Amino acid sequence: MYFRQTLQGLTSRGFYNHVPEALEGLGLTTSELGDPRRAAVLLGAGEAQREALNTNLTSEEWDRLTHELAPIRCALHEREFADAWNEGRAMTLEQATAYALETQP
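The structure displayed is predicted, hence computed values, not measured ones.

> Can you tell me about the overall build of the protein, naming the residues and giving the values?
Broken down by element type, the protein carries six helices and zero strands. Helices and strands appear in the protein in the N-to-C order α-α-α-α-α-α. Its C-alpha atoms give the protein principal-axis dimensions of about 35 × 35 × 25 Å. Split into buried and exposed, the 105 residues of the protein put 41% on the buried side. Looking at the protein alone, contacts between residues at least 24 apart form 67% of all its contacts between residues at least 6 apart. Summed over its atoms, the accessible surface of the protein is roughly 6100 Å², and 51% of this surface lies on carbon and sulfur atoms.

Written out as structure tokens, the structure is:
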């Protein structure tokens with residue numbers, strides 16, 4: 001998968017500023033593949049890494065992401081979404097990368 005390869009390349013070369021984008025892309029792709037909980041974890045991790053790196057989304061990017069989050073929120077109960085999102089937000093860069101690179105069945 002493209003985002004996994006990108007994430008591996010970014011972290012192995014120390015280009016951490018683009019890791020949030022890779023996590024978000026992988027999260028949205030994961031949602032499309034039918035795993036909304038994992039998607040929410042990855043997207044929460046992406047948001048946390050953006051904050052840590054001070055690379056926040058523009059208002060247009062945030063609006064687009066909010067729109068793309070709608071199906072994930074609908075697929076999960078609000079509490080399950082919040083738990084998954086917060087699980088991702090609590091991850092370190094290393095934890096988020098390892099989680100993102102895990103092979104899924």
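> Go over the packing of helix 4 (residues 59–75) against helix 5 (residues 78–89), please, and point to the residues and values.
Where helix 4 meets helix 5, the axes come as close as 8 Å, and the angle between the chain directions of the two elements is 120 degrees. Taken together, the axis directions place helix 4 and helix 5 in an arrangement best described as oblique. Taking contact as the criterion, the partners of Leu69, Ile72 and Arg73 in helix 4 are, on helix 5, Glu78, Phe81 and Trp85. Of the residues in the contact of helix 4 with helix 5, the class split is four nonpolar, no polar and two charged.

> Can you tell me about helix 6 (residues 93–101), naming the residues and giving the values?
Looking only at helix 6, the buried set comprises Leu93, Ala96, Thr97, Tyr99 and Ala100. All buried residues of helix 6 project into a common sector of 165 degrees when viewed along the axis, lining one side.

> An account of the side chain of glutamine 49 is needed here, citing residue identities and associated values.
Structurally, glutamine 49 is set in helix 3 (residues 36–53). Here glutamine 49 falls in the buried class, since its relative accessible area comes to 7%. Setting aside its immediate chain neighbours within four residues, glutamine 49 contacts Pro20, Leu23, Met91, Thr92 and Leu93.

> I'd love a proper account of the environment of alanine 45, names of residues and values included.
Relative to the helices and strands, alanine 45 is located in helix 3. We classify alanine 45 as buried; its relative accessible area is 1%. With 26 residues separating them in the primary sequence, alanine 45 and valine 19 have C-alpha atoms 9.9 Å apart. When neighbours within four sequence positions are excluded, alanine 45 is seen to be in contact with Leu23, Gly88, Arg89, Met91 and Ala96.

> If you had to explain the packing of helix 2 (residues 19–32) against helix 3 to someone new, which residues and values would you point to?
Where helix 2 meets helix 3, the axes come as close as 8 Å, and the angle between the chain directions of the two elements is 165 degrees. Judged by the inter-axis angle, helix 2 sits roughly antiparallel to helix 3. Where helix 2 crosses over helix 3, the two elements pack in a sense that is left-handed. From helix 2, Pro20, Glu21, Leu23, Glu24, Leu26, Gly27, Leu28, Thr30 and Ser31 reach across to helix 3, where they touch Arg38, Ala39, Leu42, Leu43, Ala45, Gly46, Glu47, Gln49, Arg50 and Leu53. For the contact of helix 2 with helix 3, the residue count by class is nine nonpolar, five polar and five charged.

> Please provide a residue-by-residue account of the confidence of the model for the protein, values included.
For the protein, mean pLDDT is 90; residues scoring 70 or higher make up 95% of the total. The element-level mean pLDDT for the protein is lowest in helix 1 (residues 2–13), coming to 80, with helix 5 highest at 97.

Rules and cut-offs
- All residue numbers here refer to positions counted from 1 along the written sequence of the relevant chain.
- Only residues with pLDDT of 70 or above have their local features reported here, since the model is predicted, and side-chain atom pairs are shown and tallied only from 80 upward, although totals for entire chains, interfaces and linings are computed over all residues.
- Hydrogen atoms and water are omitted, and side-chain values are computed over all heavy atoms in the structure.
- Under the scheme used here, helices are H or I runs from DSSP no shorter than 4 residues and strands are E runs no shorter than 2 residues, and both carry numbers assigned from the N terminus.
- The rule is simple: take the accessible area with a 1.4 Å probe, protein chains only, and divide by the maximum for that residue type; under 20% is buried, over 50% is exposed, in between is partly exposed.
- We call two residues contacting when some pair of their heavy atoms lies within 4.5 Å.
- Per-residue and other accessible areas follow the Shrake-Rupley method at a 1.4 Å probe size, with only the shown protein chains counted as cover for residues.
- Only the stretch in contact is used when fitting a helix axis, every axis being a line fitted to C-alpha atoms; angles between N-to-C directions are given from 0 to 180 degrees.
- Note that the term roughly parallel is reserved for angles under 35 degrees, roughly antiparallel for angles over 145, roughly perpendicular for angles of 65 to 115, and oblique for everything else.
- Residue type decides the class: Asp, Glu, Lys and Arg count as charged, Ala, Val, Leu, Ile, Met, Phe, Trp, Tyr, Cys and Pro as nonpolar, and the leftover types, Gly among them, as polar.
- This arc corresponds to the set of directions leading from the helix axis out to the C-beta atoms.
- Crossing handedness: left-handed means the near helix sits turned counterclockwise from the far one by under a right angle, and right-handed means the same turn made clockwise.
- You can read pLDDT as the predictor saying how much it trusts each residue, on a scale of 0 to 100.

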